[in-house]
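Fold and contact review
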Amino acid sequence: MSKFFKKIFLFFIVPFIFLVLFFFINTIIISDMNKDIFIESNISDIYIGDSHMQCAINDSMLINSKNFANTSESYYFNYFKLNKLLQSNPNIKKVYLGFSYHNLSKYFDESIYGEYSYMVTPRYFFILPREEQIKTISWNIKHLQSFFKEMIKSIFRNHFNRPTFLGEFKNDYNHVFAVDTSMDKRLISQFINKGEEYKPSIYNIFYLIKMIKLCKNKNVEMVLINTPLHSYYKSNIPKNFVDLQRNLVKLLGVKYINLESIKMPENFYIPDGDHVSLEGSIYTTQNLKNIKYSFE
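Throughout what follows, the structure given in this document is the object of discussion. Computed from a predicted structure; not experimentally measured.

The next thing to look at is the packing of aromatic side chains. Inspection of the entire model under this criterion finds 23 aromatic pairs. By the ring-pair criterion, three or more aromatic residues cluster together here, those being Y76, F77, Y79, F80, Y113, Y124, W139, Y203, F206 and Y207.

Where burial is concerned, most of strand β6 (residues 221–226) is hidden: 5 out of the 6 residues are buried. In the sheet, strand β3 (residues 94–98) pairs with β6 via 5 bridges, with the strands oriented parallel. The residue of β6 that forms the bridge with K94 is E221.

Here we take up the nonpolar core. Core analysis: the largest hydrophobic core is formed by 72 residues, its most contacted members being I46, L82, V95, F99, M222, L224 and I237. Residue contributions to this core peak at 8 residues, all from helix α3 (residues 75–88). Leave out the neighbours within four places in its chain, and L224 touches L97, F99, L208, L252, V254, K255, Y256 and I257. Membership of the second largest hydrophobic core comes to 5 residues, among which are F125, F126, M151 and I155.

The strand order across the open sheet built from 5 strands is β2-β1-β3-β6-β7, with neighbouring strands paired in parallel fashion. Whereas interior strands pair on both sides, the edge strands pair on one side only; in this sheet they are β2 (65–67) and β7 (255–258). Mean inter-strand twist for the sheet, computed between neighbouring axes without regard to direction, equals 20°. Contacting β1 (45–48), β3 and β6, helix α8 (residues 202–217) runs over the sheet at an angle of about 145° to β6.

Let us look at the packing of α8 against helix α10 (residues 239–252). In contact at an axis separation of 12 Å, α8 and α10 are set at 25° when each is read in the N-to-C sense. Between α8 and α10, the crossing angle belongs to the class labelled roughly parallel. Crossing of α8 against α10: the hand is right-handed. Where α8 abuts α10, its residues I205, L208, I209 and I212 lie against L244, L248 and L252. In terms of residue class, the contact of α8 with α10 is made up of 7 nonpolar, no polar and no charged.

Another aspect to go through is unusual backbone geometry. For N64, which is not glycine, the phi dihedral falls at a positive 55°. Mapping N64 onto the fold places it in the loop between α2 (51–56) and β2. Here S72, not a glycine, exhibits a phi torsion of approximately 60°, which is positive. By relative accessible area, S72 is classed as partly exposed at 27%.

Our next topic: α8. Compared with an ideal rise of 1.5 Å per residue, which puts 16 residues at 22 Å, α8 spans 23 Å between its outermost C-alpha atoms and is within 8% of the ideal. Of the positions making up α8, those classed as buried are N204, I205, Y207, L208, M211, I212, L214 and C215. Looking at the buried side of α8, the elements it contacts are β1, α3, β3, α5 (130–139), β6 and α10.

This next bit is on helix α4 (residues 117–124). Along an α-helix, a turn takes 3.6 residues, which lines up residues three or four apart on a common side. Where burial is concerned, most of α4 is hidden: 6 out of the 8 residues are buried. Where α4 is concerned, the buried positions are S117, V120, T121, P122, R123 and Y124. Looking at the buried residues of α4, the elements they touch are α3, α5 and α6 (144–160).

Scoring rules and cut-offs
Residues numbered from 1 in each chain as written. Predicted model: local features only at pLDDT ≥ 70, side-chain atom pairs only at ≥ 80, totals over all residues. Heavy atoms only, no water. Phe/Tyr/Trp six-rings, centres within 6.5 Å; stacked < 30°, edge-to-face > 60°. Buried < 20%, exposed > 50% of the residue type's maximum accessible area, 1.4 Å probe, protein only. Helix = DSSP H or I, 4+ residues; strand = E, 2+ residues; numbered from the N terminus. Pairing = 2+ DSSP bridges. Core = buried A, V, L, I, M, F, W, Y, C linked by side-chain atoms within 4.5 Å. Contact = heavy atoms within 4.5 Å. Axes fitted to C-alpha atoms, helices over the stretch in contact; angles between N-to-C directions. Parallel < 35°, antiparallel > 145°, perpendicular 65-115°, else oblique. Left-handed = near helix turned anticlockwise from the far one by under 90°. Nonpolar A, V, L, I, M, F, W, Y, C, P; charged D, E, K, R; others polar. Expected span 1.5 Å × (residues − 1).

Here you go:
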C-alpha cells in the first residue's frame, strides 16, 4: 500500500516541481528581458490607460506619438509600465493618461486584486518589483490554477511576441452603435455594487498621484484625457463620481483635456456608450489635435 501512495505522490509532485521551476526560471529570464524597454527615438508623446484610451487614440494619425494603452489596465499597472518606459526612454517628454469617471470607481479594484486579477496581472507580472510580484500571487490564491494558466500564456507571449504589458492602439468595432440597455448594464457594472453605489478606488487614486509625481521628477509633462462618452451614458453617471473627477482635476494641478462631450453620431460609439468605434477613434484623434487644455 505504501508503494501505491508513493507512486501517487510522485505522479503529482514531479509535475508540480517542474511547473514551479519553469515559472521561477522564466520569471528571472523575462524580468531581465524587460529590464530596459526601448521605443523609437523619435517618440516624444505616449498615451497610456485602459481600453478607452486604447480604442480612442489612433496614434497613426499623430506625429511622434505612440499609444501603449491596454484593456482593463488600472492606474496600479499604469504606474509600473510608465516607470519602466521613462527609465529607458529620455526622449519621452509628454504622457497622456486616460482619466474618466470609471477610473475612480472601486469596481476597477477587481482587476487589481479581485475577481479578474488572474486575467490581468500576468501581463504585467514581469515588470513588477519582487515585493509586488509576491503580493499579486497572494491576491490570486483563490484563482491560483487560472492565474498560473494565464502566467504560462504570458511567458510564451513574452518570449515569442512583444512584451505583454505594452499595449497598443486597437479598435475592431465597425458597424456598431450605442444601445441604451447596454449602457444601463455598463453603468451598473462600473458604479453600482449589490444595489449600492461603489466607493472610490483608493488604489487607483493613490497610483494616479504617484504617476503625476513620477512625471514631475522626470521633467515629463502629464496630461489627463477624458475620452468621449455618449450623452445617455454621461447623464447617468452618479453625481459623486462626477464631482470627484472634477475636484481631482483642480487639486492635482495637471493639464486636462475633456473630450467627453464632443458631438458624434451614434455609430461612433460601441453599444456600452463609453468606448468609441473605429470611426469614432478617427474623429476623436482629429479633435485631440485641435482641443485646448483646461483645468475645468
